[in-house]
Amino acid sequence: FAQGRCWQSPLSAMSVLRRHDMASSLALLVVARASDQVILARRVERAVPDDEVAAADAAVAQLLQNVSEQAEVRPDWSSSLAVDFESSLLSGAAHALVCPRSLLVFVVVVRGRYPEQLSMRLLRELAEEVA
């Protein structure tokens, strides 16, 4: 990603996810370039139904749109929004974080009542893994 460096290993990202024990809550995880919001990596949890993936994708698109509307992408910029998974009657949330070097945006979409602080901690740890 950043200046010729790539994510050390998809396994390192998976170890971050495992540390957070959020398998039942995770719907979608995305890494995008901050400059143009191009999605570089995307992980969908297998057990998530297609209509929930569509709702999660819509939330990711909205958060990336919010990044594009910034006059200048600031390090550690973050935003969150509610996600309604209509078919399963679950609510959820999408959280975005710009890495400290303002190069990448990390977005996680969670199902149910997964705490926002833990979602943001996950995104910070992922940003550290990549940087």
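Bear in mind that the values here come from a model prediction, so they are computed numbers and not experimental data. (Residues numbered from 1 in each chain as written. Predicted model: local features only at pLDDT ≥ 70, side-chain atom pairs only at ≥ 80, totals over all residues. Heavy atoms only, no water.)

Looking only at helices and strands, the protein features 3 helices and 5 strands. Reading the protein from its N terminus to its C terminus gives the helix and strand order α-β-β-α-β-β-β-α. Scored against the burial criterion, the 131 residues of the protein give a buried share of 45%. Contacts in the protein between residues far apart in sequence, at least 24 positions, make up 55% of those at least 6 positions apart. Carbon and sulfur atoms make up 50% of the accessible area of the protein, which totals about 7,000 Å². (Helix = DSSP H or I, 4+ residues; strand = E, 2+ residues; numbered from the N terminus. Buried < 20%, exposed > 50% of the residue type's maximum accessible area, 1.4 Å probe, protein only. Contact = heavy atoms within 4.5 Å. Areas by Shrake-Rupley, 256 points an atom, 1.4 Å probe, with all protein chains shown as cover.)

Turning our eyes to something else, we now look at the sheet that holds strand S5 (residues 104-111). One open sheet holds the 5 strands; their spatial order is S2-S1-S5-S4-S3, and the pairing between them is antiparallel. Across the chains shown, the open sheet's two edge strands, defined by having one partner strand only, are strand S2 (39-44) and strand S3 (78-85). Averaged over all pairs of adjacent strands, the angle between their axes in this sheet comes to 15°, without regard to strand direction. As paired elements, S3 and strand S4 (residues 90-98) share 8 bridges and run antiparallel to each other. Along S4, the bridge assignment pairs Ser 79 with Ala 96. Sheet contacts for helix H2 (residues 50-68): strand S1 (26-33), S2, S3, S4 and S5; angle to S3, the most-contacted strand, approximately 155°. (Pairing = 2+ DSSP bridges. Axes fitted to C-alpha atoms, helices over the stretch in contact; angles between N-to-C directions.)

This part covers the confidence of the model for the protein. Regions with low pLDDT should not have their predicted coordinates read in detail. A residue-level look at the protein finds 79% of positions with pLDDT of 70 or above and a mean pLDDT of 82. Within the protein, S5 carries the highest mean pLDDT (94), whereas helix H1 (residues 10-19) carries the lowest (54). Between residues 1-11, whose pLDDT stays under 50, and residues either more than four places distant or in other chains, the model counts 20 contacts. (pLDDT = per-residue confidence, 0-100.)

All right, on to the nonpolar core then. Val 60, Val 105, Val 107 and Val 109 are the most contacted members of the largest nonpolar core, which totals 22 residues. Of all the secondary-structure elements, those providing two or more residues to this core are S1, H2, S3, S4 and S5. Contacts of Val 109, omitting those with residues within four sequence positions, involve Ser 25, Leu 26, Ala 27, Leu 28, Ala 56, Val 60, Val 83, Phe 85, Ala 93 and Ala 94. (Core = buried A, V, L, I, M, F, W, Y, C linked by side-chain atoms within 4.5 Å.)

Looking now at the side chain of Ser 25. Structurally, Ser 25 is set in the loop between H1 and S1. Accessibility expressed as a relative area gives 14% for Ser 25, which makes it buried. Among residues more than four places away in sequence, those in contact with Ser 25 are Val 109, Val 110, Arg 111 and Tyr 114.

As a further point, take the pattern of salt bridges. Taken as a whole and assessed by the stated rule, the structure comprises 4 salt bridges. For the salt bridge of Asp 57 with Arg 42, the shortest nitrogen-to-oxygen distance reads 2.8 Å. Within this pair, whereas Asp 57 is found in helix H2, its partner Arg 42 is found in strand S2, the two being separated by 15 residues in sequence. Accessibility expressed as a relative area gives 29% for Asp 57, which makes it partly exposed. Classification of Arg 42 as partly exposed rests on a relative accessible area of 43%. Residues Arg 111 and Glu 52 are paired through a salt bridge, measuring 2.7 Å at the closest nitrogen-oxygen approach. (Salt bridge = Lys/Arg side-chain N within 4 Å of Asp/Glu carboxyl O.)

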